Amino acid sequence: QGQLVESGGGRVQAGDSLRLSCAASGRTSVIYNMGWFRQAPGKEREFVAAISWNGGVTYYADSVKGRFGISRDNAKNTVFLQMNSLKTEDTAVYFCAASRRAPIELRVGATYDFWGRGTQVTVSS
């Protein structure tokens, strides 16, 4: 397995933007489909966005569609989550994860092979 390290989280005001990064190391010769999930205090982990191994297919949760954008740079083994028009309800720990399953399965956390440790995003009003 590889290792994933998220970065780019922080504390911002509602309406601001943040760009999260997820750097992969280890078995980077295997290109995985990638996803972003988040978990707010007292809530279950939820799907945010996913991207296929070549960037050709993307999925978004309805709650972030139109505001967030997922992308990847395979040459740098990095996946990004651009978050615009942030809302207080976007406050959570954001995790990236890697999967070898078909893109259609990427909304489900259980289909992922390994995870990063997360980065905190706090949006204040």
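Treat the numbers as computed from the prediction; the structure is a model and nothing was measured.

Trainee: Got a minute to help me understand the overall build of the protein chain in this structure?
Mentor: A tally of regular secondary structure across the protein chain gives zero helices and eleven strands. What you see in the protein chain, going N to C, is helices and strands ordered as β-β-β-β-β-β-β-β-β-β-β. Against the compact-globule benchmark of 14 Å for 125 residues, the protein chain has a radius of gyration of 13 Å, which places it among compact chains. Oriented by its inertia axes, the alpha-carbon framework of the protein chain measures out at about 40 × 25 × 25 Å. Looking at the 125 residues of the protein chain, the share that counts as buried comes to 42%. The long-range fraction of contacts in the protein chain, counting pairs at least 24 apart against all pairs at least 6 apart in sequence, stands at 58%. Total accessible area on the protein chain stands at roughly 6400 Å², and carbon and sulfur atoms take up 47% of it. The average position of the 15 basic charges and that of the 10 acidic charges among the side chains of the protein chain differ by 4 Å.

Trainee: Which parts of the structure should I look at to understand the pairing of strand β11 (residues 119–124)?
Mentor: Consecutive side chains along a regular strand alternate between the two faces of the sheet. Where strand β2 (residues 10–13) meets β11, four bridges bridge the pair, whose relative direction is parallel. In the sheet register, Gln13 faces β11, and the bridge partner there is Ser124. Sheet analysis places strand β9 (residues 92–99) next to β11, joined by three bridges and oriented antiparallel. Each residue of the ladder has a partner; that of Ala92, found in β11, is Val121.

Trainee: Would you explain unusual backbone geometry in this entry?
Mentor: Residues other than glycine predominantly adopt negative phi, and peptide bonds predominantly adopt the trans conformation. Its identity as a non-glycine residue notwithstanding, Asn77 has a phi of 55 degrees, on the positive side. Note that Asn77 resides in the loop between β7 (68–73) and β8 (78–83). Looking at Asn77, the relative accessible area reads 29%, which means it is partly exposed. The backbone phi angle of Ser85 is positive, close to 50 degrees, even though this residue is not glycine. Along the chain, the position of Ser85 falls in the loop between β8 and β9.

Basis of the calculations
- Residues numbered from 1 in each chain as written.
- Predicted model: local features only at pLDDT ≥ 70, side-chain atom pairs only at ≥ 80, totals over all residues.
- Heavy atoms only, no water.
- Helix = DSSP H or I, 4+ residues; strand = E, 2+ residues; numbered from the N terminus.
- Rg over C-alpha atoms; globule rule 2.2 N^0.38 Å.
- Buried < 20%, exposed > 50% of the residue type's maximum accessible area, 1.4 Å probe, protein only.
- Contact = heavy atoms within 4.5 Å.
- Areas by Shrake-Rupley, 256 points an atom, 1.4 Å probe, with all protein chains shown as cover.
- Lys, Arg positive; Asp, Glu negative; His and termini not counted.
- Charge placed at Lys NZ, Arg CZ, Asp CG, Glu CD.
- Pairing = 2+ DSSP bridges.

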